[in-house]
Amino acid sequence: MAGIDDFDLDASMERGWSEFAHRLADVVASMDDGGELTIGTVVTEQDARPPFIRFSCRKDGLLLAEASGNSEVDEARRLTAAQLAELSASGWQSPTENGDHPTPNLWREGTQHEVEPLVAAAVSVLRDHFGVPHPVFLAPDQLAEVLTPAPAVEGVGGVVMPDDATATMPRDADHLDSLVEGVLTDILGPVLIRDTDRDFAIRFGSAMVFVRVVEDAAEVLVYAVLVHEIEGRGRATEVVNDLNSDTRFVRFFLVRDRLFASISVPAQPFVAMHLRKALATMSLLADGIDDTLAEKLRGRTTFTDPPPESA
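Rules behind the numbers
Residues numbered from 1 in each chain as written. Predicted model: local features only at pLDDT ≥ 70, side-chain atom pairs only at ≥ 80, totals over all residues. Heavy atoms only, no water. Pairing = 2+ DSSP bridges. Helix = DSSP H or I, 4+ residues; strand = E, 2+ residues; numbered from the N terminus. Axes fitted to C-alpha atoms, helices over the stretch in contact; angles between N-to-C directions. Salt bridge = Lys/Arg side-chain N within 4 Å of Asp/Glu carboxyl O. Buried < 20%, exposed > 50% of the residue type's maximum accessible area, 1.4 Å probe, protein only. Parallel < 35°, antiparallel > 145°, perpendicular 65-115°, else oblique. Left-handed = near helix turned anticlockwise from the far one by under 90°. Contact = heavy atoms within 4.5 Å. Nonpolar A, V, L, I, M, F, W, Y, C, P; charged D, E, K, R; others polar. Core = buried A, V, L, I, M, F, W, Y, C linked by side-chain atoms within 4.5 Å.

Enquirer: What is the right way to look at the sheet that holds strand S3 (residues 62–67) in this model?
Expert: Paired through backbone hydrogen bonds, the strands of a sheet run either parallel or antiparallel to each other. A sheet is described by the order of its strands in space; here five strands give the open sequence S4-S3-S2-S1-S5, paired in antiparallel fashion. The open sheet has two free edges, formed respectively by strand S4 (106–111) and strand S5 (138–140), since each of these has just one partner strand. Neighbour-to-neighbour, the strand axes of the sheet open up by a mean angle of 20°, direction not taken into account. Sheet topology note: the strand S2 (residues 52–57)/S3 ladder contains five bridges and is antiparallel. Opposite Arg-54, over in S3, you have Glu-66 as the bridge partner.

Enquirer: Could you clarify how one ought to interpret the pattern of salt bridges in this entry?
Expert: One side chain can pair with another of opposite charge once the charged atoms of both are near each other. Scanning the entire structure with this criterion turns up seven salt bridges. Across the pair Asp-199 and Arg-212 runs a salt bridge whose closest N-O atoms are separated by 2.9 Å. In this pair, Asp-199 is assigned in the loop between helix H5 (173–188) and strand S7 (200–204) and Arg-212 in strand S8 (residues 207–213), connecting sequence segments 13 residues apart. The same class applies to Asp-199 and to Arg-212, which are both buried. In this structure, Glu-231 and Arg-298 form a salt bridge, with 3.8 Å as the shortest nitrogen-oxygen distance. Here Glu-231, found in the loop between strand S9 (219–227) and helix H6 (233–246), pairs with Arg-298, found in the segment after helix H7 (272–296); they are 67 residues apart in sequence, far enough to count as distant. Since its relative accessible area comes to 55%, Arg-298 is described here as exposed.

Enquirer: So what exactly am I meant to see when it comes to the packing of helix H2 (residues 81–89) against helix H3 (residues 116–129) here?
Expert: The packing of two helices is summarised by the inter-axis angle and the distance between the axes. One way to put it is that H2 packs onto H3 with a least axis distance of 12 Å and a crossing angle of 160°. By the criterion of interaxial angle, the relationship of H2 to H3 is roughly antiparallel. Judged by the sense of rotation from one axis to the other, the crossing of H2 with H3 is right-handed. Every residue of H3 that contacts H2 at Gln-83, Glu-86 and Leu-87 is listed here: Val-125, Asp-128 and His-129. Its residues assigned to classes, the contact of H2 with H3 comprises two nonpolar, two polar and two charged.

Enquirer: Is there a simple way to think about the nonpolar core in this case?
Expert: Core analysis: the biggest nonpolar cluster contains 44 residues, and Phe-20, Leu-24, Ile-53, Phe-55, Trp-92 and Phe-130 have the highest contact counts within it. Looking at this core, the element that brings in the most residues is H3, giving seven residues. Apart from the residues within four sequence positions on either side, Phe-130 is in contact with Pro-51, Phe-52, Ile-53, Ala-67, Ser-68, Leu-79 and Val-125. Val-240, Leu-243, Ala-278 and Leu-293 belong to the second-largest nonpolar core, a separate cluster that totals 42 residues.

Enquirer: Would you take a moment to explain the packing of H5 against H7 for this structure?
Expert: Packing of H5 against H7 leaves a shortest axis separation of 10 Å and a crossing angle of 55°. The angle between H5 and H7 falls in the class oblique. Crossing geometry of H5 relative to H7 is assigned as right-handed. Residue-level contacts link Val-180, Val-183, Leu-184, Asp-186 and Ile-187 of H5 to Ala-272, Leu-275, Arg-276 and Leu-279 of H7. Counted by class, the contact of H5 with H7 contains seven nonpolar, no polar and two charged residues.

Below is the structure:
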């Protein structure tokens, strides 16, 4: 179905992190003396003090990387003793009030001549210890367009958004993309997340919902991977058949060991209200039944950790 059948969330995340690490290495390698770059985490933007990584350029190409210490973040975001021990074993230094780099954060040094190991260590902290699933959930305090490139939202490409019930005939896929972006901006705010396949990505509880503009501009797909690593395709097929018999508008299907759900929104013409309803339906369904289906099919949901609560 329009490229969804070969969608691989894990591969998309790996590709995103690899590209981010490459861009980050270029940025850090070219920092001037006294320069500083802080990379916060959008996934915990509701927190008063979310985790972060900070790079500082000292002199003669000496770099200092810091990972937020437990005293610098909200209690729910603090690293465990086991995580701290693992970071220490991998080369991160404990917070210190003395020495050349007094800091409340974990830290390690590197050089601009060999920046890759330092960047790899920082990316590992973001992924494996701070639990950031994809670089699109990061918030650099500068150079965001370089580190996490995304289409501009201001003015939504110059497109004047119609009323929700107004039908608009898109000129092409780019025009339709701008219309979809405008609807999502109105719902979610100006910070939209796009993955490396250019799909919009939205987390709802334990599920990730994607919105894709099809190349021929004939439809907009709203879809989600409900269950990963399913055991027993025969049982899963029975479950999918039952779901497709009992549910309106949503199509369920298996791709290898994953269960997908999708809604096709016709886009010739495009009506914003239809996309809004499809997104509302998918968000409630994906987060509402994925845990039950994961247990029934002996698989896992996309996220197993709870989303951050409002401060």
